[in-house]
Amino acid sequence: MNIFLTGASGFLGTALLRDLLLKGHSVTALVRPRHGTTVRHYLGCRLSEYDPELPLNKYLDKTLHVANGDVSHKNFGLNAKEYLHYANSADILIHNAATTVLDTDWKVYEQINIGGTREAIKFASHTRQKSIVQTSSAYVAGDRTDTVYEDQLDLAVGFRNNYERSKAISESDVRNAGATEGIRFMILRPSIIIGDTQSGRMSEDHHLFNFILRLFWARQMIYKRLNASRTQHDDRFRILGNVDVTKNFIPVDYVAHLISILIETKGAWGKSFHLTHPHPIRLGTLGTYIQRAMDWPGFTLCPMETTKDLSPLERRFFRTIKIYEQYFWDEPTFDQSQLKAVLGKRLTNPSPISQEAVNRLVRFVLEKFQSRKNIR
Ligand SMILES: NC(=O)c1ccc[n+]([C@@H]2O[C@H](COP(=O)([O-])OP(=O)(O)OC[C@H]3O[C@@H](n4cnc5c(N)ncnc54)[C@H](OP(=O)(O)O)[C@@H]3O)[C@@H](O)[C@H]2O)c1
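Residues numbered from 1 in each chain as written. Predicted model: local features only at pLDDT ≥ 70, side-chain atom pairs only at ≥ 80, totals over all residues.

1. Quick notes on the overall build of the chain
Counting its secondary structure elements, the chain contains 13 helices and 15 strands. For 376 residues, the compact-globule estimate of 2.2 N^0.38 gives 21 Å, and the C-alpha radius of gyration of the chain, at 21 Å, lies within 12% of that figure. Out of the 376 residues in the chain, the part that is buried amounts to 42%. Across the chain, every contact between residues at least 6 apart in sequence was considered, and the portion connecting residues at least 24 apart equals 78%. (Helix = DSSP H or I, 4+ residues; strand = E, 2+ residues; numbered from the N terminus. Rg over C-alpha atoms; globule rule 2.2 N^0.38 Å. Buried ≥ 20, exposed ≤ 12 C-beta atoms within 10 Å, placed from the backbone. Contact = placed C-beta atoms within 7 Å.)

Following this line, the structure appears as structure tokens:
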């Protein structure tokens, strides 16, 4: 297929682009202009970071083309000739670009996530198959705690933040375009995307990367103090959360793999899919795995009752992770009946979120952290 892809330079985008190229698709990637580099060079760097083995020269200007544009601008910021050329020569659009920041102004979500999706729908209407694949999010379910089915979308639920709300509105716009404008659509709802199954590699802008990095800073501070003191031996560090709640993590390569199969599956069009882990990890178990992976015996996840006696460092840390903390208390169950029905035997299980998997993620962040600072 000829695929037009937005968000190709992002965490999921690079993994997906790699898979699409390896499968022999032709891809035009829309990349927003950056200071001091070309979009072509920037995308090449992001792809090589994700897969250093990928022979870029084999693809660039052959089956991979790069367009300079911005989804929040009219016609993606392309001139009329380019716009129609790209749209008319694509079979489908995969709209994956979004701002994934959790705490920015509503205006930004309106421009990039909602406005960008409206532009994407318009673009899709000019593609050969009038088709849009929309990367949505499992968290369009907002603060629901029951079982969420893949074709359910309720804009009246409570959302934890405006990011969730903007993704739900965008998804709803795509569904409406399917119903009223004759656009063929497919909705993909990943849960929390984590690093690559083999390498643990993830984007340094990613929330989980940022969270683990902050933990390393806290750990460094505590051990520095302990090393400087003869009387203190307590390396205790508590994070508040519901240890019994599950967290649905899904490796980036698995999500990319599923998307690349779904777009080739006729029966997948007009449907939504939870690209989630069928066996999500308990938060308490995750805490134990992180404790071991970071070699930090004092690290624990605790229930809310301990809030009052938190140390100043714990309190400060808790304030800095407020945007993530909203996810530490509950989570719905993501039903996958449609995904199972459509993919049948082609649906493989993602690898479990095991101690080894957490070790890989933590090791990846640690390497980056050590390259910035010397710890312990
Ligand atoms: N990460 C998750 O856990 C997760 C979970 C569920 C759903 N999702 C969804 O999956 C998709 C990809 O997420 P991700 O984690 O890969 O995010 P990401 O790493 O932040 O990547 C976002 C991509 O969108 C591009 N982009 C942002 N604003 C743009 C604009 N105005 N014009 C053109 N491109 C723009 C970014 O370009 P730059 O390189 O220039 O920044 C980047 O390529 C998003 O739709 C997100 O909502 C993510």
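Having seen it, we continue.
2. Some details on the environment of tryptophan 329
Residue position: tryptophan 329 is located in the loop between helix H11 (322–325) and strand E15 (333–334). In this structure the C-alpha to C-alpha distance between tryptophan 329 and alanine 29, which are 300 residues apart in sequence, comes to 38 Å. Beyond its immediate chain neighbours, meaning those up to four positions away, tryptophan 329 contacts Gly241, Asn242 and Val245.

3. Brief notes about the nonpolar core
The biggest cluster of nonpolar side chains holds 95 residues, and the ones touching the most others in it are Leu17, Ala29, Leu93, Ile132, Val252 and Val255. For leucine 17, the residues in contact, after removing those within four places along its chain, are Leu5, Ala8, Val27, Ala29 and Leu47. (Core = buried A, V, L, I, M, F, W, Y, C linked by C-beta atoms within 7 Å.)

4. Quick notes on the packing of helix H7 (residues 207–228) against helix H10 (residues 312–320)
At a minimum axis distance of 11 Å, the contact between H7 and H10 shows a crossing angle of 165°. With respect to H10, the axis of H7 lies roughly antiparallel. For the pair H7 and H10, the crossing hand works out as right-handed. Contacts between H7 and H10 involve Arg214, Ala218 and Met221 from the first element and Leu313, Phe317 and Thr320 from the second. Here the residues of the contact of H7 with H10 sort into four nonpolar, one polar and one charged. (Axes fitted to C-alpha atoms, helices over the stretch in contact; angles between N-to-C directions. Parallel < 35°, antiparallel > 145°, perpendicular 65-115°, else oblique. Left-handed = near helix turned anticlockwise from the far one by under 90°. Nonpolar A, V, L, I, M, F, W, Y, C, P; charged D, E, K, R; others polar.)

5. Let's talk about the site of the ligand
The immediate surroundings of the ligand are formed by 26 residues, with Gly7, Gly10, Phe11, Ala97 and Ala98 found nearest. If you list the elements that add at least two residues to the shell around the ligand, you get helix H1 (11–22), helix H5 (106–124) and strand E8 (192–194). The leading source of residues in the shell around the ligand is H1, at three residues. Per-class residue counts for the shell around the ligand are nine nonpolar, 13 polar and four charged. (Near = placed C-beta within 6 Å.)

6. Things to note about the sheet that holds strand E1 (residues 2–6)
Spatially, E3-E2-E1-E4-E5-E7-E12 is the arrangement adopted by the seven strands of the open sheet, whose pairing is parallel. With partners counted over all chains shown, the strands left at the sheet margins are strand E3 (64–68) and strand E12 (272–275), one partner each. The average angle at which neighbouring strand axes cross in this sheet is 20°, direction not considered. As paired strands, E1 and strand E2 (residues 26–31) are joined by five bridges and run parallel to one another. Following the sheet pairing, asparagine 2 is matched in E2 by serine 26. (Pairing = 2+ DSSP bridges.)

7. Regarding unusual backbone geometry
Of note, phenylalanine 76 is a non-glycine position whose phi angle comes to about 60°, a positive value. Within the element layout of this structure, phenylalanine 76 appears in the loop between E3 and helix H4 (80–89). Accessibility expressed as a C-beta count within 10 Å gives 25 for phenylalanine 76, which makes it buried.

8. Quick look at the packing of H5 against helix H6 (residues 162–180)
Between H5 and H6, the shortest axis-to-axis distance is 9 Å and the interhelical angle comes to 20°. If you check the angle between H5 and H6, you find them roughly parallel. Considering how the two elements wind past one another, H5 and H6 form a crossing that is right-handed. Here Trp106, Tyr109, Asn113, Ile114, Thr117, Arg118 and Ile121 of H5 come into contact with H6, specifically with Asn162, Tyr163, Ser166, Lys167, Ile169, Ser170, Asp173, Val174 and Ala177.

9. Topic: helix H2 (residues 39–50)
Two residues of an α-helix separated by three or four positions point the same way, owing to the 3.6 residues in each turn. Between its terminal C-alpha atoms H2 stretches 17 Å, which fits the 16 Å expected from twelve residues at 1.5 Å a residue. Restricting attention to buried positions, one finds in H2 the residues Leu43, Gly44, Leu47 and Tyr50. Down the axis, H2 shows its buried residues gathered within 125° of arc, on one side only. Away from its buried face by more than 90 degrees, H2 exposes His41 and Glu49. In this structure, the buried residues of H2 make contact with H1, E2, helix H3 (56–59) and E3. (Expected span 1.5 Å × (residues − 1). Arc of directions from axis to C-beta.)

10. A look at the environment of valine 27
Mapped onto the elements, valine 27 comes out in strand E2. A count of 21 C-beta atoms within 10 Å places valine 27 in the buried class. Expressed as a C-alpha distance, the spacing of valine 27 and glutamate 150, which sit 123 residues apart in the sequence, is 28 Å. The contacts of valine 27, once residues within four sequence positions are left out, are Ile3, Leu5, Leu17, Leu20, Leu21, Thr63 and Leu64.

11. So, the domain arrangement of the chain
In terms of domain boundaries, the chain breaks down into domain 1 (2–194 + 248–275) and domain 2 (207–246 + 281–330 + 352–372). The C-alpha centroid of domain 2 is placed 32 Å from the C-alpha centroid of domain 1. Between domain 1 and domain 2, the residue contacts involve nine residues of the former and eight residues of the latter. Class assignment of the residues belonging to the side of domain 1 that touches domain 2 gives a composition of four nonpolar, three polar and two charged. (Domains from an automatic or database assignment.)

12. Quick notes on the pairing of strand E7 (residues 184–190)
Burial of E7 is extensive: six of the seven residues sit out of reach of the surface. Sheet analysis places strand E5 (residues 131–135) next to E7, joined by five bridges and oriented parallel. Residue pairing across strands places valine 133 opposite methionine 186, the latter belonging to E7. As judged from the four bridges shared by E7 and E12, these two strands associate in the parallel manner. Its bridge partner lying in E12, arginine 189 is registered against histidine 274.

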